[in-house]
Amino acid sequence: MKAAVYYGVRDVRVQDVDKPIAGPGEVVVRNVVALTCGTDLKMYLRGHPYVKPPIIIGHEFSGIVEEVGEDVTSVKVGDRVASTNSAPCGQCVYCKLGRFNLCENLSESIIGFSVNGAYAEYVNIPSRIVKHNLYRIPDNLEHEVAALLEPFSCVVRGHRIVQADAGEIVTIIGAGPIGLMHLMLAKRSNTEKTIIIDVSWDRLKFAEKLGADVIINANEEDPLERIKGETNGIGSDIVIEAVGKTDTWENAVKLARKGGRVLLFGGPPRGTTIMLDTYRIHYEEVRILGSFHFTPEDVLRAFKIIRSGKLPLKNLITSRSKIDNIVDVFERLKEGKEVKVALFF
Ligand SMILES: [Zn+2]
Ligand SMILES: [Zn+2]
């Protein structure tokens, strides 16, 4: 089968490799589509700590069940399906505490990171993912929208933590795919206003088309001053950081009103630290929240929202390409020319 194999930084090769075989509890899916993700691009440009090359990358996908392993009863050959790239082990202390996203064994079998991924004609779904996070999709749900299940589950978790409420102002830093999904959810929470900050006019204009009420280019104006102007001088009720850099983390804390909530969603590299104004936390009760990955409950909720068709998620896919052009696709993503690219085989 055809697959994009990652050999190291800036070295991805489209090759012919063996088709996977479903072991006990596993499912092999014939991919109809796979989607690009910021993490794949990061891996291509800088590497990733979980990834041991050579490996097939790609972890956002949807397709048709090709083969089911022993003991699989939840799906059958021919079913249209989507799944996430990971699932909790169910055995470790965090799983026992019900904190499934913090599972100590999460990294053991992550599709596209520690086991072969979805930039391929076929992908094998490990048994624990089959058990917890594999869904049959309805006939009227397009594969390329269903393939958003993994990133959208992360965003749904973030929203469940920050809880945007009616009449609030939500500011999002970063107008990439994750920031835009946060925008879509924020708009559905009867918020008063959504504000999005980025440094690319292309991305900001795209966010505006998706319904952002205010767009701010941080290269051209001071977000702090502008947010004050947009919030009667008090700051934003909610700030969501969806970039993953230490300076945007620091800025996120500055943009919230007293008593506001800051969701630090983007993940900066391990070992980095930020400076915090203690006054903001103590005297002004700004609440700082983190959000990592997702639990099976988040995935269920995300799946239900995707299935409902109420969000314009399909708009996030800005172009379509054959997997053979994966290197060009990464270059276009790097230049900010695309939000997400759908890959076919
Ligand atoms: Zn992803
Ligand atoms: Zn666990």
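Residues numbered from 1 in each chain as written. Chains lettered and ligands numbered in written order. Predicted model: local features only at pLDDT ≥ 70, side-chain atom pairs only at ≥ 80, totals over all residues.

1. A word on the overall build of the chain
Right, on to step 1. For the chain, the count of helices and strands is 12 helices and 16 strands.
Right, on to step 2. In summary, the chain has a C-alpha radius of gyration of 20 Å against a globular reference of 20 Å for 345 residues, a match within 12%.
Right, on to step 3. The principal-axis extents of the C-alpha atoms in the chain amount to approximately 60 × 45 × 40 Å.
Right, on to step 4. Taken across its 345 residues, the chain has 49% of its residues classed as buried.
Right, on to step 5. Contacts in the chain between residues at least 24 apart in sequence constitute 69% of all its contacts with a sequence separation of at least 6. (Helix = DSSP H or I, 4+ residues; strand = E, 2+ residues; numbered from the N terminus. Rg over C-alpha atoms; globule rule 2.2 N^0.38 Å. Buried ≥ 20, exposed ≤ 12 C-beta atoms within 10 Å, placed from the backbone. Contact = placed C-beta atoms within 7 Å.)

2. Some points on the sheet that holds strand β10 (residues 193-198)
Right, on to step 1. Spatial strand order, β11-β10-β9-β12-β13-β14: six strands in an open sheet with parallel pairing. Both outer strands of the open sheet, β11 (214-217) and β14 (287-290), are each paired with one neighbouring strand and no more. Sheet twist, expressed as the average angle between the axes of neighbouring strands with direction ignored, equals 15°.
Right, on to step 2. For strand β13 (residues 256-264) and β14, the ladder comprises four bridges, and the chain directions are parallel. (Pairing = 2+ DSSP bridges. Axes fitted to C-alpha atoms, helices over the stretch in contact; angles between N-to-C directions.)

3. Some points on the sheet that holds strand β4 (residues 55-56)
One key point about sheets: their strands pair by backbone hydrogen bonds, in either a parallel or an antiparallel sense.
Right, on to step 1. On the basis of which strands lie adjacent, the open sheet formed by three strands has the order β2-β1-β4 and antiparallel pairing. Whereas interior strands pair on both sides, the edge strands pair on one side only; in this sheet they are β2 (11-16) and β4.
Right, on to step 2. Pairing of strand β1 (residues 2-8) with β4, which is carried by two bridges, proceeds in the antiparallel orientation. Following the sheet pairing, V5 is matched in β4 by I56.

4. Considerations on the environment of T231
Right, on to step 1. You can see T231 is positioned in the loop between α8 (223-230) and β12 (236-241).
Right, on to step 2. Taking the C-alpha atoms as reference points, T231 and I178, 53 residues apart in sequence, are found 24 Å from one another.

5. Focus: the nonpolar core
Right, on to step 1. Core analysis: the biggest nonpolar cluster contains 106 residues, and V27, Y119, L149 and I240 have the highest contact counts within it.
Right, on to step 2. Structurally, this core is a two-domain feature, drawing no fewer than three residues from each of domain 1 (2-141 + 309-344) and domain 2 (155-290).
Right, on to step 3. Excluding anything up to four places from it in sequence, Y119 contacts A3, A4, A34, I56, I57, G58, I323, I326 and L343. (Core = buried A, V, L, I, M, F, W, Y, C linked by C-beta atoms within 7 Å. Domains from an automatic or database assignment.)

6. Thoughts on helix α11 (residues 296-308)
Right, on to step 1. The end-to-end C-alpha distance of α11 is 18 Å, a good match for the 18 Å that 13 residues give at a rise of 1.5 Å each.
Right, on to step 2. Phi for G309, located one or two positions after α11, is positive at around 70°. (Expected span 1.5 Å × (residues − 1).)

7. A word on the domain arrangement of the chain
Right, on to step 1. Domain annotation of the chain identifies domain 1 (2-141 + 309-344) and domain 2 (155-290).
Right, on to step 2. The C-alpha-based centres of domain 1 and domain 2 are spaced at 29 Å.
Right, on to step 3. With nine residues of domain 1 at the interface, the matching set in domain 2 holds 10 residues.
Right, on to step 4. Across the side of domain 1 that touches domain 2, the residue classes break down as four nonpolar, four polar and one charged. (Nonpolar A, V, L, I, M, F, W, Y, C, P; charged D, E, K, R; others polar.)

8. Looking at the packing of helix α5 (residues 149-162) against helix α6 (residues 177-187)
Right, on to step 1. The geometry of α5 relative to α6 is characterised by a closest axis approach of 10 Å and an angle of 50° between their N-to-C directions. Considering their axes alone, α5 and α6 lie oblique with respect to each other. Between α5 and α6 the crossing geometry is right-handed. Residues P151, F152, V155, G158 and H159 of α5 form the contact with α6, whose own contacting residues are P177, I178, M181, H182 and L185.
Right, on to step 2. Residue composition of the contact of α5 with α6, by class: seven nonpolar, three polar and no charged. (Parallel < 35°, antiparallel > 145°, perpendicular 65-115°, else oblique. Left-handed = near helix turned anticlockwise from the far one by under 90°.)

9. Some points on the packing of α8 against helix α9 (residues 246-255)
Right, on to step 1. One way to put it is that α8 packs onto α9 with a least axis distance of 10 Å and a crossing angle of 30°. Here α9 runs roughly parallel to α8, going by the angle between their axes. Read as a crossing pair, α8 and α9 show a hand that is right-handed. Judged by residue contacts, P223, L224 and I227 of α8 engage N251, K254 and L255 from α9.
Right, on to step 2. Broken down by class, the residue content of the contact of α8 with α9 amounts to four nonpolar, one polar and one charged.

10. Thoughts on the pairing of strand β16 (residues 340-344)
Right, on to step 1. Most of β16 is tucked away: four of the five residues are buried.
Right, on to step 2. One ladder, built from two bridges, connects strand β3 (residues 27-35) with β16; its direction is antiparallel. Within the sheet, the bridge partner assigned to L35 lies in β16 and is A342.
Right, on to step 3. Of the pairings in the sheet, the one linking strand β15 (residues 317-322) to β16 comprises five bridges and is parallel in character. Its bridge partner being in β16, S321 is matched across the sheet by L343.
Right, on to step 4. Handedness of the crossover joining β15 and β16 through helix α12 (residues 326-334): right-handed. (Right-handed = clockwise from strand over helix to strand, strands pointing away.)

11. Some thoughts on unusual backbone geometry
Right, on to step 1. Between P53 and P54 the backbone carries a cis peptide bond, its omega angle lying at -5°.
Right, on to step 2. Along the chain, the position of P54 falls in the loop between α1 (38-46) and β4.
Right, on to step 3. Despite not being glycine, Q163 shows a phi value in the positive range, around 50°.
Right, on to step 4. For Q163, a count of 12 C-beta atoms within 10 Å puts it in the exposed group.

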